[in-house]
Amino acid sequence: MPTALKALPTPYRNPSSLYVLLAHAEKAVAAGASATIEDYIEAFNGKSDQDKKLEVDRFKSRAPRADLDSASHLIANNGAKVKSLDGISHFKSEQEIEKSLADFRNLYDVRARIMRLNGETKRRDGHIGLSTFRQICFPPLPAQSVLAKEIESPTLSGTLAAVDVFMGHHNLDPYVFLNASKGYKAMTSLLKVLYDNQEGSNGYVVHMLTQYRASHFPLPIDEAMKGDGSGASTAFSKDEGDRNRVIKSILALVPIFNGISDKDFLEAGMDKQFRLVENFIGKANDKAASQRKTYLGKLMSMPGIVAYRARLATKAEPADMRPAEDRAALEFQEHEASEVHTTWNVFRSVPIVDAGDEETGIWSLEKLPTLHQKEPYQFRGDHNKRWPWGDVNHFGRVHPAFSDPAEPTRCDSRVEIGKATVKGIDYLHKLYRNELPHINSALVQSGVDARPPKMMQSSEFKRVIEAEIKRYLEAVRNNDVPDCYANQRVARLARENCDSEEEADALVGDGENPQYGVLLDDYAIEAQPLAAYGNIVGIFSGLDLDEKGRETYLATLGKTLGEQYLASDGIANMRANTDKNTLATLGFGNQMRCINTGVDMQVSGIVRSDLHKCNVIFAPAEVGLRDRDGNPYRMKLVFGLQIRPVGPGKQLKAYYGSAYRLDQSGTGVASEAEVRIKDEPEDPPTLS
């Protein structure tokens, strides 16, 4: 979305133009005219502004285009719906678009603004354009992806977007939402916050979700109400059929809610059946009650219902229904996913059968232990915009004290950054000073007329590095990629990026699944992020774990997987009175966690990190901050210093510390009890 918005000419950077551009990009990919949406937008961006304007105007015309077939007509119509958003302040920039469409709490307010803009006072469909726009800009959540295919009424499309975002925020599955045991009122009460506690709109949502339930989780009465052809199609007039959909879709749940069998419900008289329906809906003696009773009578006379009732009468449905154990199955429901793991809720589902071993349409669900599955880490460039401190309760989000309430993956602009203090500066200065002659010699040998690095005293070196740390923090606070990463590149390694065959075997292997590494775009010495030129390599982003935070991290990932991550990818982050790793770099990481180490194989078979084979050192610091409310914090961080140049085509490698080791099999991990960051100048920080 941001790329497409920037590709549009300035006067066309509005929702309706963005919509038709993205929609035609999707259509081009589907038709094979473009490999990816990104390719399509890149080609569009290469045109002149005048050609872009003509192209967008053609996109918005109602005439179909030959190269994209008649779907262009539909896209143009939808773009016209979105046009009502063009004049609203919420949609003046990509950040405001994302904020408005991603946060369900803004939906009611945005809808009201659109209605006022259009001069509407009573209509509920003034936000149709919002739903259409959201569907093209954001991947659909579970409700939208299913319901969008089934609910064709345009007056409900805005509500569809609303419930989609609402259910995503509340982790609700549409079927779980329609829990028959809680009744109809329980369904609507969950949605009051969505509609700003206004009555009347909730029925639309339940109307859609009941149809979803009946279509995807049909019970025997649902199947029976499909009828057997002509009788079903003439049971209702069109108007009656539309107004009766809710009763039709909830009827199968009425016996379950009231604790009786289908047989007892179908054999009851009309008055009792109607009372049971009203009991489920929670209504009594309102003006529409007589209409509902009439509709119910027509439902009960449908051929399919009549045949189902006769079938139950002949086989005498028993009361002692039981689980069909031989038909039990496991059901996996994704509960939470992050960049490094997926957590699955696992259920054992068993159909309930009668004495004749025929399924009744009712299922028994038994919750089984949660399953935690490790996912391969996938680096993305925007990870380098991350604030160094994440939220252990929500992977991918910023620490709650510093997060933007509207955009929790970003730091709030009101956060104030104070003085940074580097720890162990004497040791770091010694490493920097010892490497200066080698850097100067390499510059002379290269024959390049480049400025030599400056010889700094310890106090000046400390001041320069602390200023770089503050500059870094200011950049990520503003959601920018810090300058120190400009010449760095995360890539899957090739054998030529390694310094030895042993290193290549360990990190690249046969090339099927190579490890990440950090390379440079420009290997000229003066272009490298060397400490000698007053640079830092970067600052780790991660989850800073106190004892409670550690428990939360392990509970989220599962103890086995969490301990494995902390031992192999965690850092001992200067916390007092603990030998454990207390910075988790998986769950809120950036490219710093992709820096490998140089190793030494000892006679015993133990592999250790070797400072002499590395060009980067990790170091600790503290920084004073004020959160968005002005409260003071003192936070710990770990940053990288490049102490010596890296050769052309080779990777940055960091010293992980003397405690880092792998066992003889190469599959072991560092013992956490040995891993710590020390303030003593004779030993650098460590990573396990």
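Residues numbered from 1 in each chain as written. Predicted model: local features only at pLDDT ≥ 70, side-chain atom pairs only at ≥ 80, totals over all residues. Heavy atoms only, no water.

Student: Give a detailed account of the environment of Asp510, specifying residues and quantitative values.
Tutor: One can find Asp510 in the loop between helix 25 (501-507) and strand 9 (516-520). You can call Asp510 exposed: its relative accessible area is 68%. Sequence-wise, Asp510 and Arg495 are 15 residues apart; in three dimensions their C-alpha atoms are separated by 9.3 Å. A polar side-chain atom of Asp510 sits 2.9 Å from the main-chain amide nitrogen of Glu512. (Helix = DSSP H or I, 4+ residues; strand = E, 2+ residues; numbered from the N terminus. Buried < 20%, exposed > 50% of the residue type's maximum accessible area, 1.4 Å probe, protein only. Polar contact = N/O pair within 3.5 Å; in protein donor to acceptor, adjacent residues only side chain to side chain.)

Student: Could you give an account of the confidence of the model for the chain, with specific residues and numbers?
Tutor: Scored by pLDDT, the chain has a mean of 77; 71% of the residues are at 70 or more. Within the model, pLDDT remains below 50 along residues 228-242, and this stretch shows 16 contacts once partners closer than five positions in the same chain are excluded. Every residue in residues 664-688 is under pLDDT 50, and counting partners more than four places away or in other chains gives 79 contacts. (pLDDT = per-residue confidence, 0-100. Contact = heavy atoms within 4.5 Å.)

Student: Requested: an account of the packing of helix 26 (residues 547-557) against helix 27 (residues 559-569), with residues and values cited.
Tutor: Where helix 26 contacts helix 27, the axes come no closer than 6 Å and their chain directions differ by 120°. As judged from the angle between their axes, helix 26 and helix 27 are oblique. Classified by chirality, the crossing of helix 27 by helix 26 is right-handed. Of the residues in helix 27, those touching helix 26 at Arg550, Tyr553, Leu554 and Leu557 are Lys559, Leu561, Gly562, Glu563, Tyr565 and Leu566. Classifying every residue of the contact of helix 26 with helix 27 gives six nonpolar, one polar and three charged. (Axes fitted to C-alpha atoms, helices over the stretch in contact; angles between N-to-C directions. Parallel < 35°, antiparallel > 145°, perpendicular 65-115°, else oblique. Left-handed = near helix turned anticlockwise from the far one by under 90°. Nonpolar A, V, L, I, M, F, W, Y, C, P; charged D, E, K, R; others polar.)

Student: Run through the nonpolar core, naming residues and quoting values.
Tutor: Grouped together as the largest cluster of nonpolar side chains are 91 residues, with contacts concentrated most on Trp387, Ile469, Leu473, Tyr553 and Phe639. With eight residues, the single largest contributor to this core is helix 23 (residues 425-446). If you look at the next biggest cluster of nonpolar residues, it comprises 27 residues, including Leu5, Leu85, Ile88 and Phe91. (Core = buried A, V, L, I, M, F, W, Y, C linked by side-chain atoms within 4.5 Å.)

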